[in-house]
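Listed below are the residues making up each chain.
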Amino acid sequence: MTLPLCAQCKRFGGQLPASFTTSLLSYSSISIMGGKTAVVTGATGLLGRQVLKAFANNDWTVKGTGFSRADGTDILKVDLTNADELKKVLDDVKFPDKVDKDPEGTRTLNVEAPRTLARLCAERGILLTYISTDYVFPGKPGDAPYENNAEPAPTNLYGQTKLEGERAVLHEFKMAGKEGLGVVLRVPVLYGSAKSNAESAVNVLMDSVLKAQQEGANINMDHWALRYPTNTEDIGRVLKDIAAKYLETSDRNSLPRILQFSSEDKYTKYEICQLFAEINGLPIDRIKPNTEGNDPNASVQRPYDCHLSTKALKDLGIDVSTQDFVGWWRREFRAFRH
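No experiment lies behind these values; they were computed from the predicted model shown.

S.K.: Before we go on, may I ask you to explain the packing of helix 1 (residues 46-56) against helix 7 (residues 232-248) in this structure?
M.R.: With their axes 8 Å apart at the nearest point, helix 1 and helix 7 run at an angle of 50° to one another. Comparing their axes, helix 7 and helix 1 come out oblique. As for the relative orientation of helix 1 and helix 7, their crossing is right-handed in sense. Within the contact between the two elements, helix 1 uses Leu46, Leu47, Gln50, Val51, Ala54 and Phe55 and helix 7 uses Thr232, Glu233, Ile235, Gly236, Arg237, Leu239, Lys240 and Ala243.

Here's what the structure looks like:
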């Protein structure tokens, strides 16, 4: 049983046996083949590193793919926008706000690359899990938590392209008569061990706390929209459990096509800054909370609360527990009270 995984949607010699049920995990998707072998694309990124570790620590043989940081041995170099390279990954492996600045690039990464990947996986009988976002929902006050079958209505380009990616993936499997092999996993904002704070929209808030220590700093920080930061280690574990569940189920048509995972920890960005400052014993007088909500006359409405229900995962018997946000950061900062 081989599992190619492509993480956050970034060679085995010879053709994959027809009996293989393969899984490929990506930043935007996960696919599951036969055998306990995983190929994690985007394996050098914030989420990919933890997904790689989750599978490796549970007796899977794992390889990763990347691009600029690929070493050609443990991390294979793959351009996710190149259909031929994606095909090679599936055929040759024997073992198992930037968005608004580049809308076309975003659509290629979030829609077209997953569409190609889904078509190739469907042709080969590979289970693909596309990793999506809570921003497919509008986040209107009073709407959350959103169930997996709630009607999406994204309010920004990122959410729109991820929703298009979801639909493209599921459509490719439907057209191939392999509907039970296409799965979507929606997740919220991520945090975890990072090579730089800029890798995470949560971790990077520590940079704001540090900047606030400078004389003359004046930082406005959102204190309106609610976020549910979820640790990449927990997501890696859940993806591994989903892979195992879908591989061991003979009638995959009985399983849900869309799953959701989220922490229950709830914070505004300003509250996260407060937490970081408190743990590190730093003042944040120069960070000002911005409590302004949406202008009701604005054409684009920012999501207020996109909290995801994890009921579908619970119904499958998959553990949805998460690490304590405060405890994790105390360990990360090595800030323990005596």
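S.K.: What's the story with helix 4 (residues 103-124) in this structure? I'm lost.
M.R.: Side chains three or four residues apart in an α-helix point the same way, a direct result of the helix having 3.6 residues per turn. Taking 1.5 Å per residue, 22 residues should reach 32 Å; helix 4 reaches 31 Å between its end C-alpha atoms and fits that length. A maximum bend of about 35° is found in helix 4 at Leu109. Every buried residue of helix 4 is accounted for by Thr106, Asn110, Val111, Ala113, Pro114, Thr116, Leu117, Ala118, Leu120, Cys121 and Ala122. Just beyond helix 4, the residue with positive phi is Gly125, at close to 70°.

S.K.: For this particular structure, what's the right way to read the environment of Asp319?
M.R.: Relative to the assigned elements, Asp319 resides in the loop between helix 9 (311-315) and helix 10 (325-333). When its relative accessible area of 40% is taken as the criterion, Asp319 is described as partly exposed. If we skip the residues at most four places from it in the chain, Asp319 touches Arg237 and Val238. Within polar-contact distance, the side chain of Asp319 engages the side chain of Ser321 at 2.9 Å.

S.K.: Looking at this structure, how should I read the packing of aromatic side chains?
M.R.: Two descriptors summarise a pair of aromatic rings, namely the distance from one centre to the other and the angle between the planes of the rings. Applying the stated rule across the entire model yields eleven aromatic pairs. Summarising the aromatic geometry, the rings of Tyr191 and Trp328 are spaced 5.3 Å apart at their centres and angled 75° between planes, so their arrangement reads as edge-to-face. Here Tyr191 is found in strand 9 (residues 190-191), whereas its partner Trp328 is found in helix 10, with 137 residues between them in sequence. You'll find Tyr191 and Trp328 in the same group, each marked buried. Plain terms: the ring middles of Tyr267 and Phe325 are 4.9 Å apart, the flat faces sit at 40° to each other, and that makes the pair tilted. With Tyr267 in the loop between strand 12 (258-260) and helix 8 (269-280) and Phe325 in helix 10, this pair connects stretches of sequence that are 58 residues apart. Each member of the pair, Tyr267 as well as Phe325, is classed as buried. Joined through ring pairs, the aromatic side chains of Tyr191, Tyr267, Phe276, Phe325, Trp328, Trp329 and Phe333 make up one cluster.

S.K.: Sorry, what's going on with the nonpolar core here?
M.R.: The biggest cluster of nonpolar side chains holds 44 residues, and the ones touching the most others in it are Phe173, Ile242, Tyr246, Leu259 and Leu313. Elements that contribute at least two residues to this core include exactly helix 1, helix 4, strand 7 (127-133), helix 5 (157-175), strand 8 (182-187), helix 7, strand 12 and helix 9. Looking at this core, the element that brings in the most residues is helix 7, giving seven residues. With residues near it in sequence (within four places) discarded, Phe173 still touches Ala118, Cys121, Ala122, Ile126, Leu128, Lys178, Glu179, Leu181 and Gly182. Residues Tyr191, Val202, Met206 and Ala277 belong to the second largest nonpolar core, which totals 21 residues.

S.K.: Just checking my understanding: could you explain the side chain of Thr249 for this structure?
M.R.: Looking at the secondary structure, you find Thr249 in the loop between helix 7 and strand 12. On the accessibility criterion, Thr249 (16% relative accessible area) is buried.

S.K.: Would you explain helix 1 in this entry?
M.R.: Counting buried positions along helix 1 yields eight of eleven residues, so the element is predominantly enclosed. Buried within helix 1 are the following residues: Leu46, Leu47, Gly48, Arg49, Gln50, Val51, Ala54 and Phe55.

S.K.: Could you clarify how one ought to interpret the pattern of salt bridges in this entry?
M.R.: Two side chains bearing opposite charge may form a pair once their charged atoms approach each other closely. Under the criterion given, the structure shown has 13 salt bridges. Linking Arg286 and Glu215 is a salt bridge whose minimum nitrogen-to-oxygen distance equals 3.3 Å. Separated by 71 residues along the polypeptide, Arg286 in the loop between helix 8 and strand 13 (287-290) and Glu215 in the loop between helix 6 (205-211) and strand 10 (219-222) bring together distant segments of the chain. Accessibility expressed as a relative area gives 25% for Arg286, which makes it partly exposed. Glu215 gets classed as exposed once you look at its relative accessible area, which sits at 72%. Residues participating in the shared-partner salt-bridge network are Arg119, Glu123 and Arg124.

Cut-offs and rules
- Residues numbered from 1 in each chain as written.
- Predicted model: local features only at pLDDT ≥ 70, side-chain atom pairs only at ≥ 80, totals over all residues.
- Heavy atoms only, no water.
- Axes fitted to C-alpha atoms, helices over the stretch in contact; angles between N-to-C directions.
- Helix = DSSP H or I, 4+ residues; strand = E, 2+ residues; numbered from the N terminus.
- Parallel < 35°, antiparallel > 145°, perpendicular 65-115°, else oblique.
- Left-handed = near helix turned anticlockwise from the far one by under 90°.
- Contact = heavy atoms within 4.5 Å.
- Expected span 1.5 Å × (residues − 1).
- Bend = angle between axes of the 7 residues up to and from the residue.
- Buried < 20%, exposed > 50% of the residue type's maximum accessible area, 1.4 Å probe, protein only.
- Polar contact = N/O pair within 3.5 Å; in protein donor to acceptor, adjacent residues only side chain to side chain.
- Phe/Tyr/Trp six-rings, centres within 6.5 Å; stacked < 30°, edge-to-face > 60°.
- Core = buried A, V, L, I, M, F, W, Y, C linked by side-chain atoms within 4.5 Å.
- Salt bridge = Lys/Arg side-chain N within 4 Å of Asp/Glu carboxyl O.

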